[in-house]
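Coordinates in review
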Amino acid sequence: MTGAHFGVALVLAATLIEGFAQVFLKKAALSPGGKTGWRVLGFATFGVEALVYTWSLRFVAVSVAFPLGSLSFVAVTLLSRCLLRETVDRNRWFGIFLILVGASLVAGRA
Amino acid sequence: MPHGSKTPRKLLAGLALAIIFDTGLQIFWKLAVSDLPGLPDQPTLGLTLAGMLHQPLFLVVGLFMVGQCCNWLVVLDHADLSYAHAITSLSYVSVAVLSVMFLGEIIVLQQLAGIALILAGVWFVTRSDHAGSPAGGGTA
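Keep in mind the model is a prediction, meaning the values are calculated, not measured.

Criteria and cut-off values
Residues numbered from 1 in each chain as written. Chains lettered and ligands numbered in written order. Predicted model: local features only at pLDDT ≥ 70, side-chain atom pairs only at ≥ 80, totals over all residues. Helix = DSSP H or I, 4+ residues; strand = E, 2+ residues; numbered from the N terminus. Buried ≥ 20, exposed ≤ 12 C-beta atoms within 10 Å, placed from the backbone. Contact = placed C-beta atoms within 7 Å. Core = buried A, V, L, I, M, F, W, Y, C linked by C-beta atoms within 7 Å. Nonpolar A, V, L, I, M, F, W, Y, C, P; charged D, E, K, R; others polar. pLDDT = per-residue confidence, 0-100. Axes fitted to C-alpha atoms, helices over the stretch in contact; angles between N-to-C directions. Parallel < 35°, antiparallel > 145°, perpendicular 65-115°, else oblique. Left-handed = near helix turned anticlockwise from the far one by under 90°.

Right, let's talk about the overall build of chain B for a bit. Looking only at helices and strands, chain B has 6 helices and 0 strands in total. Counting from the amino terminus, chain B carries its helices and strands in the arrangement α-α-α-α-α-α. Within chain B, the fraction of its 140 residues that count as buried is 32%. Within chain B, counting contacts between residues at least 6 apart in sequence, those at least 24 apart form 74% of the total.

Our focus in this paragraph is the overall build of chain A. For chain A, the helix and strand inventory stands at 5 helices and 0 strands. Of the regular secondary structure in chain A, the N- to C-terminal order runs α-α-α-α-α. Principal-axis analysis of the C-alpha atoms places the extent of chain A at approximately 45 × 35 × 20 Å. Burial status across chain A gives 47% buried among its 110 residues.

A word on the nonpolar core. One finds Val11, Val60, Ala65, Leu68, Phe73 and Ile99 of chain A to be the most contacted residues of the largest nonpolar core, which totals 59 residues. Per-element accounting of this core gives the leading share, 9 residues, to helix H1 (residues 9-34) of chain B. The residues touching Val11 of chain A, leaving out its near neighbours within four places in the chain, are Tyr53, Ser56, Val60, Ala65, Leu68 and Gly69 of chain A.

Opposite the 29 residues of chain A that make contact, chain B presents 34 residues. Where the side of chain A that touches chain B is concerned, the elements lending two or more residues are helix H2 (35-56), helix H3 (62-68) and helix H5 (90-108) of chain A. The leading source of residues in the side of chain A that touches chain B is H5 of chain A, at 13 residues. When the residues that make up the side of chain A that touches chain B are grouped by side-chain class, the tally is 17 nonpolar, 8 polar and 4 charged.

The subject of this paragraph is the confidence of the model for chain B. Detailed reading of predicted coordinates is not advised where the pLDDT is low. Confidence in the prediction for chain B averages 85 pLDDT; 87% of positions are at 70 or higher. The low-confidence segment residues 135-140 of chain B (pLDDT under 50) makes 14 contacts with residues lying over four places distant or belonging to another chain.

Attention now goes to the packing of helix H1 (residues 3-30) of chain A against H2 of chain A. Residues and elements named next belong to chain A. In contact at an axis separation of 8 Å, H1 and H2 are set at 165 degrees when each is read in the N-to-C sense. Relative to H2, the element H1 lies roughly antiparallel. Along this stretch, H1 crosses H2, giving a crossing that reads as left-handed. By residue class, the composition of the contact of H1 with H2 is 17 nonpolar, 4 polar and 5 charged.

Written out as structure tokens, the structure is:
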């Protein structure tokens, strides 16, 4: 694995971590009690994401890393569907498909 | 924001500022990481974290983050999240342009096509039905 590929893998990990952070914050919003715990977990997870993204920028250009961050839309959609049972309409699935294709093109440049 | 309404000047300024904060944050973040003192080319996470403590540019990165958060909260007071989020995704373009100008990065056609598809994708995602949207539609 080259440095650039490792960097792309780190950006992908950061987007997945952001997906979990968003789910934790949504759990806080939905939870009648224990909001603080979910919020702390959510913000701590955002902190971890920032560290992983910082590390990734050591390996990959920001013109590649930043657009790849749009994959957080994909992570949030999949996680909110699986973990929060949210419904996802056809427009959003099409948007997710376009983001995946676009991100693949950007990643292919790395 | 209802369809066809004129975007208020204050909101326009807030959206422009959001794009500026997004862009500045990414450019300074990359500058800060690229210039970490005493690190090998491919450092571990631990070495990167240790290097961050000796890099004053991360203070600028932190200031951009705080500014971005404060401005975003003001923007959301005046606009729907789906509208604001779609507009500020234009920072994918501004970051690409400024990374060429200030960081010497090279952008190829494939990347531009990818960014265009991502922008289209974000537009579809933000236009989709979501809980809490009036009549279930986008409001941009």
